[in-house]
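In case you want the letters, here they are:
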Amino acid sequence: MAEVVVRNLVKTYAASAHRATDDVSLEVADGEFVVLVGPSGCGKTTLLRMVAGLETPDSGTVHIGGRDVTGLPARQRRVSMVFQSYAIFPHMRVRQNIGFGLAMRKVDRQELERRVQRAAELLQLEDYLDRFPAQLSGGQRQRVAVARAIVVDADVLLMDEPLSNLDALLRLQFRTELKKLVRQLGTTTLYVTHDQAEAMSLGDRVAVMRDGRIAQIGTPLAVYDRPDEQFVGGFLGAPPMNFFPAQVRLRGADPQLVVGEDTWPAPAHLKAYADRSVLVGVRAENIQVTADPPAAGPGAQPGWSAAVVEVVEPTGAAVLLTVRLDTHQLKVQAPPGFPARPDDTVWLRSAPEMLRFFDPETSLALVTT
Ligand SMILES: Nc1ncnc2c1ncn2[C@@H]1O[C@H](COP(=O)(O)OP(=O)(O)O)[C@@H](O)[C@H]1O
Ligand SMILES: [Mg+2]
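Observations regarding the nonpolar core
Moving on, step 1. Formed by 47 residues in total, the largest nonpolar core has its most connected members in Ile 98, Leu 123, Val 146, Ile 150, Tyr 191 and Val 208.
Moving on, step 2. A per-element tally of this core places helix α4 (residues 138-150) first, with six residues.
Moving on, step 3. Among residues more than four places away in sequence, those in contact with Ile 150 are Ala 119, Leu 122, Leu 123, Leu 157, Leu 181 and Leu 185.
Moving on, step 4. Of all hydrophobic cores here, the second largest spans 30 residues; its members include Val 259, Leu 270, Ile 287 and Leu 348.

Looking at unusual backbone geometry
Moving on, step 1. Put simply, Ala 238 and Pro 239 share a cis peptide bond, and its omega is 0°.
Moving on, step 2. Mapping Pro 239 onto the fold places it in the loop between α8 (230-235) and β11 (242-251).
Moving on, step 3. Even without being glycine, Arg 78 reaches a positive phi, approximately 55°.
Moving on, step 4. Among the structural elements, Arg 78 can be located in the loop between β5 (67-68) and β6 (79-82).

Structural notes on the site of ligand 1
Moving on, step 1. Near ligand 1 the following residues occur: Tyr 13, His 18, Ala 20, Pro 39, Ser 40, Gly 41, Cys 42, Gly 43, Lys 44, Thr 45 and Thr 46.
Moving on, step 2. Lys 44 has a polar side-chain atom sitting 2.8 Å from an oxygen atom of ligand 1.
Moving on, step 3. In the shell around ligand 1, the residues fall into four nonpolar, six polar and one charged.

Looking at the packing of aromatic side chains
Moving on, step 1. Within this structure, the stated rule accounts for five aromatic pairs.
Moving on, step 2. Summarising the aromatic geometry, the rings of Phe 243 and Phe 358 are spaced 5.6 Å apart at their centres and angled 75° between planes, so their arrangement reads as edge-to-face. Separated by 115 residues along the polypeptide, Phe 243 in strand β11 and Phe 358 in strand β20 (residues 356-358) bring together distant segments of the chain.
Moving on, step 3. Positioned above the aromatic ring of Phe 174, the side-chain terminus of Arg 143 is 5.0 Å from the ring centre.

Some remarks on the pattern of salt bridges
Moving on, step 1. Under the definition given, this model contains 17 salt bridges.
Moving on, step 2. Here Arg 143 makes a salt bridge to Glu 177, at a shortest N to O gap of 2.8 Å. One end of the pair, Arg 143, is in helix α4; the other, Glu 177, is in helix α5 (residues 168-185), and 34 residues separate them in sequence.
Moving on, step 3. Judged by relative accessible area, Glu 177 falls into the partly exposed class, the value being 28%.

Some remarks on helix α1 (residues 44-52)
Moving on, step 1. The buried fraction of α1 amounts to seven of the nine residues, a majority that puts the element mostly inside the structure.
Moving on, step 2. All of the buried residues in α1 are Lys 44, Thr 46, Leu 47, Leu 48, Met 50, Val 51 and Ala 52.

Some remarks on the environment of Leu 250
Moving on, step 1. Tracing the backbone shows Leu 250 in strand β11.
Moving on, step 2. Considering only alpha carbons, one finds Leu 250 and Tyr 224, 26 residues apart in sequence, at a separation of 29 Å.
Moving on, step 3. Once you skip the residues sitting within four places of it in the chain, Leu 250 turns out to touch Pro 255, Lys 271 and Ala 274.

What to know about the side chain of Thr 290
Moving on, step 1. Considering the arrangement of structural elements, one finds Thr 290 in strand β15 (residues 288-290).
Moving on, step 2. In terms of polar contacts, Thr 290 uses its side chain to reach the backbone carbonyl oxygen of Asp 292, at 3.1 Å.

Some points on the sheet that holds strand β3 (residues 33-37)
Sheets are built from strands paired through backbone hydrogen bonds, the pairs being either parallel or antiparallel.
Moving on, step 1. In space, the six strands of this open sheet follow the order β6-β7-β8-β3-β9-β10, with mixed pairing throughout. Each end of this open sheet is capped by a strand with a single partner; those strands are β6 and β10 (213-218). Adjacent strand axes in the sheet meet at a mean angle of 20°, parallel and antiparallel pairs treated alike.
Moving on, step 2. Where α5 meets the sheet, it contacts β3, β7 (156-160) and β8 (188-193), and its direction lies at approximately 160° from that of β8.

Concerning the layout of surface pockets
Moving on, step 1. One number sums up the size of the largest pocket: a volume of about 610 Å³.
Moving on, step 2. The set of elements that each furnish at least two residues to the lining of the largest pocket consists of β6, α2 (94-104) and α4.
Moving on, step 3. Per-class residue counts for the lining of the largest pocket are 13 nonpolar, two polar and five charged.

Details of the pairing of β8
Moving on, step 1. With six of six residues buried, β8 is to be regarded as a mostly interior element.
Moving on, step 2. Burial along β8 is two-sided: Thr 188, Leu 190 and Val 192 facing one way and Thr 189, Tyr 191 and Thr 193 facing the other are all buried.
Moving on, step 3. The pairing of β3 with β8 spans five bridges and is classified as parallel. When the bridges of β8 are listed, Leu 36 appears paired with Val 192.
Moving on, step 4. The sheet contact formed by β7 and β8 spans five bridges and is parallel. The residue of β8 that forms the bridge with Met 159 is Tyr 191.
Moving on, step 5. Handedness of the crossover joining β7 and β8 through α5 is recorded here as right-handed.

What counts and how
- Residues numbered from 1 in each chain as written.
- Chains lettered and ligands numbered in written order.
- Predicted model: local features only at pLDDT ≥ 70, side-chain atom pairs only at ≥ 80, totals over all residues.
- Heavy atoms only, no water.
- Core = buried A, V, L, I, M, F, W, Y, C linked by side-chain atoms within 4.5 Å.
- Buried < 20%, exposed > 50% of the residue type's maximum accessible area, 1.4 Å probe, protein only.
- Helix = DSSP H or I, 4+ residues; strand = E, 2+ residues; numbered from the N terminus.
- Contact = heavy atoms within 4.5 Å.
- Near = heavy atom within 4 Å.
- Polar contact = N/O pair within 3.5 Å; in protein donor to acceptor, adjacent residues only side chain to side chain.
- Nonpolar A, V, L, I, M, F, W, Y, C, P; charged D, E, K, R; others polar.
- Phe/Tyr/Trp six-rings, centres within 6.5 Å; stacked < 30°, edge-to-face > 60°.
- Lys NZ or Arg CZ within 6 Å of the ring centre and 35° of its normal.
- Salt bridge = Lys/Arg side-chain N within 4 Å of Asp/Glu carboxyl O.
- Pairing = 2+ DSSP bridges.
- Axes fitted to C-alpha atoms, helices over the stretch in contact; angles between N-to-C directions.
- 1 Å grid on protein atoms, 1.4 Å probe; cavity = no way out; pocket = protein on both sides within 12 Å on 5 of 7 lines; lining within 4 Å.
- Points joined across faces, edges and corners; volume = space filled by probe spheres on them.
- Right-handed = clockwise from strand over helix to strand, strands pointing away.

Structure (structure tokens):
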């Protein structure tokens, strides 16, 4: 096992005008599971392949277990990689496929068999060892690819969208199994996916990439709850974070948000932004919603806004409402069975501490401490 330290990796492909990775730095601790997530083309595969030694950076370094491996070929890096395309050999049985890396390393026969057996057990492939890949389901083939990667006892496991060829249900099942497996192995793992739900569920930490750089890295919940930029809040979560502009106004010493015709209480730190426009970010589940007009008068909770329901989507565990608030469309998560139909009026509010704020010009989170 080993930690991975990536410093200032820059890579521009010959055919391309822009940088595939643009000064990326990243540290993966020994035994940690870090997920790189981001839209297609943001540089995830390129970064992973540079760690693997399959791609040469223009500049920057890669250290694995304290050793500078930047100039070393893949086979000297003690890394093991699983590709999206499985890349298992159709003419070899499962047993030979799993043992391939060990055979290449001239591991002795008994040891090889013992390790193949152990990997097959971990991935529930014992009953399929004598089959050819064509006689397996997609999920089983993917297991073979993972078994082949873990069997060699590499210091670092690198996986590039290993679940993307599976259908939705298998993806969910295998995701859970993979998480358990990686925990058992305790191997340092760097994992690539474009699927934000997969990233959140698997990673000890998640690195959200955009345009060749890491926009934010942190624990799944930290990144989900406190995005450093609008892009991150909009990329993580289903539905993504809601965003709408508001004006900050002081009433006495208290900052308030002007949203359309209404005013909402705002956290105290927004005082510094008095009389300025901010972009408000709020998650669907952090908006309270009621079908009855909220009580008015003294002691009533402030900050309710009327909104018009446009779409009602029951998900089973909740009801997802698309509503229009002033000129803005928001997604709101209501409890299951919430009585709303299109064109109904509902009332919304959000606790001030659940709101996030971004600079409308730069889209970066406002400094809030
Ligand atoms: N072999 C290549 N030659 C030229 N451009 C490439 C090559 N591989 C990737 N790219 C480009 O580099 C950028 C990053 O690609 P990639 O790392 O594959 O992104 P991701 O894995 O996040 O989808 C993209 O703009 C892509 O088109
Ligand atoms: Mg890729």
